[in-house]
Amino acid sequence: MTEHISRVDPDVFTRYLERTRWFGGKGRPFTIASVRRIGALPRTSQDSADVVIDLVEVAYDDAEGGSEVYQVPMAFYEHPEARLDHAFIGWWEEPDRGWVHAYDALHDRESMYCWLAAFDRAAREAGGNLTDESGLRFHRIGEHELDLDAHSTLFSGEQSNSSVAFGEDALMKVFRKITPGVNPDISVHDVLTRTGSDHIARLYGWLDWVDEDEDTTVQLAMLQEFLRTASDGWDLALASVRNLYAEADIHAHEAGGDFAAEAERLGVALREVHDVLAEHFPVDRLDAAAVAELADAMDARLAAALDVVPELAQHAEALRTAYGRLRGLGEVEVQQIHGDLHLGQTLRTSLGWKIVDFEGEPAKPLVERLKPDSRWRDVAGMLRSFDYVPHVVERQFAEDQPDGAGQRAYRAEEWAHRNRNHFLSAYAGGELSDAQQVLLEAYVADKAVYETVYETRNRPTWVGIPLEAVARIGAA
Ligand SMILES: Nc1ncnc2c1ncn2[C@@H]1O[C@H](COP(=O)(O)OP(=O)(O)O)[C@@H](O)[C@H]1O
Ligand SMILES: O=P(O)(O)O[C@H]1O[C@H](CO)[C@@H](O[C@H]2O[C@H](CO)[C@@H](O)[C@H](O)[C@H]2O)[C@H](O)[C@H]1O
């Protein structure tokens with residue numbers, strides 16, 4: 001542990017991380033390797049607490065090993081704040097502040113005002129940049145005037161990061177797992193905002209920190225347009241299946257809540273986003289050797305997954321065969337993509353579909369996430385998501401209405417099939433070539449394997465959903 005908080009019992013952070021949704025190391029043994037104070041938010045006249053940002057380094061004590069760094073913004077109060085009980089981290093003596101009661105600052109409206117006010121001030125500084133003496137830099141782009149009267153509300157969803165809405169004006173996403181260098185969520189939103197894309201929330205700014213010791217920059221948060229009229233694509237799709245089940249014996253295309261037209265619009269939106277990204281980021285053609293490396297990477301991911309999900313073993317050969325087919329492809333085009341696309345990353349607004357969260361898969365190292373990849377990875381992510389929807393609805397129905405499961409399973413498959421097809425043909429604009437089919441199948445298999453690990457670690461009772469998909473690949 002570094003000197004400045006050496007009096008804090010590391011168990012305080014261990015217990016806190018384990019309680020959060022966003023900590024990626026749940027289920028793995030770990031110790032706190034270091035805690036580093038990187039700055040304090042500029043004070044405003046409304047402040048009632050000191051607000052600081054710590055980076056907490058976690059070292060894993062299992063065979064996989066390695067370490068990760070998490071961002072923990074904290075509000076320090078002199079006395080306990082009952083209204084923030086749910087966000088309590090611990091209490092300890094700070095060298096220059098005395099005894100403090102530390103709370104997760106994102107739950108605290110007074111503290112969140114510090115971020116909003118700093119972003120607002122940045123817009124008025126030269127170049128839209130505000131830098132403080134600790135190296136925290138607030139950047140603004142565009143003309144949007146922030147609403148400084150807006151109250152902050154922390155989103156409570158299942159997220160890898162923490163998002164705070166400022167009224168209906170702006171949304172700030174605080175990145176939890178921190179890696180030095182460019183965060184693709186910011187760089188991709190920056191390009192799509194500057195080019196006027198219709199399918200994203202506009203970027204308003206971001207916060208980074210210059211680590212002078214390591215000569216690196218760390219991106220800490222992103223501020224963007226709040227999509228007021230948004231409905232989550234995942235929730236809409238769940239509602240569509242519930243609607244289908246509410247009427248006995250009708251087909252998916254006959255149900256009032258049919259989702260196929262939305263699936264088609266989503267396909268078109270994704271293609272348009274991919275086209276803009278291809279225009280503004282480098283596009284490469286992988287040669288046969290590089291394509292073989294792509295297959296090797298999928299093999300390696302499967303090997304690592306087998307340690308976490310031993311049930312995958314019986315399907316390993318079929319999965320390797322799907323990856324192996326990639327080796328027969330001469331060339332594969334790669335570009336900047338989304339990297340972790342699923343229905344929960346899509347929002348239906350009054351102005352059409354928007355896609356959010358361009359950070360890539362949270363578990364992947366940044367170097368991997370920054371590498372150009374095939375567009376078919378994103379398409380595969382969406383196809384997997386259409387597969388998840390009826391399974392999740394069925395879990396809810398099975399409890400209340402155990403009868404009729406067989407009939408529901410049949411109709412569920414019809415729903416998933418219909419929406420996958422509508423999405424895919426709208427995206428591709430016609431039939432897929434053999435090479436595209438091979439790519440798509442390999443990426444679907446790779447995503448399903450990733451999901452088995454993700455579910456085992458985060459929602460163990462859901463692991464059957466991707467495992468069933470993996471079994472289908474085996475049976476094909
Ligand atoms: N600009 C926005 N306006 C309104 N809601 C948003 C916006 N961006 C994201 N959301 C909501 O916040 C949720 C989490 O955002 P996301 O970027 O996926 O975070 P994470 O990286 O933590 O997964 C999304 O599912 C969506 O419902
Ligand atoms: O949104 P995140 O970047 O945090 O993505 C992670 O969490 C997702 C779950 O919220 C997970 O997605 C999986 O579950 C979805 C249903 O909840 C389903 O629609 C997706 O198809 C499935 O992959 C995602 O994989 C993970 O990276």
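Residues numbered from 1 in each chain as written. Chains lettered and ligands numbered in written order. Predicted model: local features only at pLDDT ≥ 70, side-chain atom pairs only at ≥ 80, totals over all residues. Heavy atoms only, no water.

(A) Broad picture of the overall build of the chain. When helices and strands are tallied, the chain shows 12 helices and 18 strands. The C-alpha radius of gyration of the chain comes to 23 Å, within 12% of the 23 Å expected for a compact globule of 476 residues. Taken over the C-alpha atoms alone, the chain extends approximately 65 × 55 × 50 Å along its principal axes. A buried classification covers 53% of the 476 residues belonging to the chain. Restricting to contacts in the chain with at least 6 residues of sequence separation, those with at least 24 account for 68%. Accessible surface computed for the chain: about 21,000 Å², of which carbon and sulfur atoms make up 49%. Looking at charge distribution, the chain has the averaged site of its 47 positive side-chain charges lying 2 Å from that of its 84 negative ones. (Helix = DSSP H or I, 4+ residues; strand = E, 2+ residues; numbered from the N terminus. Rg over C-alpha atoms; globule rule 2.2 N^0.38 Å. Buried < 20%, exposed > 50% of the residue type's maximum accessible area, 1.4 Å probe, protein only. Contact = heavy atoms within 4.5 Å. Areas by Shrake-Rupley, 256 points an atom, 1.4 Å probe, with all protein chains shown as cover. Lys, Arg positive; Asp, Glu negative; His and termini not counted. Charge placed at Lys NZ, Arg CZ, Asp CG, Glu CD.)

(B) Expanded view of the pairing of strand E18 (residues 352–355). Direction of pairing for strand E17 (residues 346–349) relative to E18: antiparallel, over a ladder of 4 bridges. Each bridged residue has a counterpart across the sheet, and for Thr346 the counterpart in E18 is Ile355. As consecutive antiparallel partners, E17 and E18 are separated by 2 residues. (Pairing = 2+ DSSP bridges.)

(C) Molecular detail of helix H7 (residues 316–324). The set of residues buried in H7 consists of Ala316, Leu319, Ala322 and Tyr323. One face of H7 carries all of its buried residues, which in axial projection span an arc of 125°. (Arc of directions from axis to C-beta.)

(D) Region of the structure containing the side chain of Ser162. Within the secondary structure layout, Ser162 lies in strand E9 (residues 162–166). For Ser162, a relative accessible area of 7% corresponds to the buried category. Of the polar contacts made by the side chain of Ser162, one reaches the side chain of Arg176; its length is 2.8 Å. Residues contacting Ser162, with those up to four places away along its chain left out, are Trp22, Leu106, Leu154, Met172, Lys173, Val174 and Arg176. (Polar contact = N/O pair within 3.5 Å; in protein donor to acceptor, adjacent residues only side chain to side chain.)

(E) A look at the site of ligand 1. Neighbouring ligand 1 are 17 residues, the closest being Gln159, Asn161, Lys173, Glu225 and Leu227. One of the side-chain N or O atoms of Lys173 is found 2.8 Å from an oxygen atom in ligand 1. Isolated, ligand 1 exposes 550 Å² of accessible area, and the fraction of that covered by the protein chains is 89%. Of all the secondary structure elements, the ones that give two or more residues to the shell around ligand 1 are strand E10 (170–174) and strand E13 (216–225). For the shell around ligand 1, the residue count by class is 7 nonpolar, 6 polar and 4 charged. (Near = heavy atom within 4 Å. Nonpolar A, V, L, I, M, F, W, Y, C, P; charged D, E, K, R; others polar.)

(F) Structural view of the sheet that holds E9. The 7 strands are arranged E6-E7-E12-E13-E10-E9-E8 in an open sheet whose pairing can be described as antiparallel. Both outer strands of the open sheet, strand E6 (129–131) and strand E8 (152–154), are each paired with one neighbouring strand and no more. With strand direction ignored, the average angle separating the axes of adjacent strands in the sheet is 20°. Of the pairings in the sheet, the one linking E9 to E10 comprises 5 bridges and is antiparallel in character. The residue of E10 that forms the bridge with Ala165 is Leu171. (Axes fitted to C-alpha atoms, helices over the stretch in contact; angles between N-to-C directions.)

(G) Spotlight on the sheet that holds E17. Within the open sheet, the 3 strands sit side by side as E14-E17-E18. Their pairing is antiparallel. Since the sheet does not close on itself, it has two edges, and those belong to strand E14 (231–232) and E18, each with one partner. The pairing of E14 with E17 spans 2 bridges and is classified as antiparallel. Within E17, the position partnered with Asp232 by the bridge is Leu347.

(H) Region of interest: the site of ligand 2. Around ligand 2, the structure places 16 residues, and the nearest of them are Ser160, Ser385, Tyr450, Glu451 and Tyr454. Tyr454 is positioned such that a nitrogen or oxygen atom in its side chain is 2.9 Å from an oxygen atom of ligand 2. Burial of ligand 2 by the protein amounts to 93% of the accessible area it has alone, namely 540 Å². Counting residues per element, the ones that place at least two in the shell around ligand 2 are helix H9 (375–400) and helix H11 (434–458). Per element, the largest residue contribution to the shell around ligand 2 is 4 residues, and it comes from H11.

Don't take any of this as a statement about function, it's just geometry.
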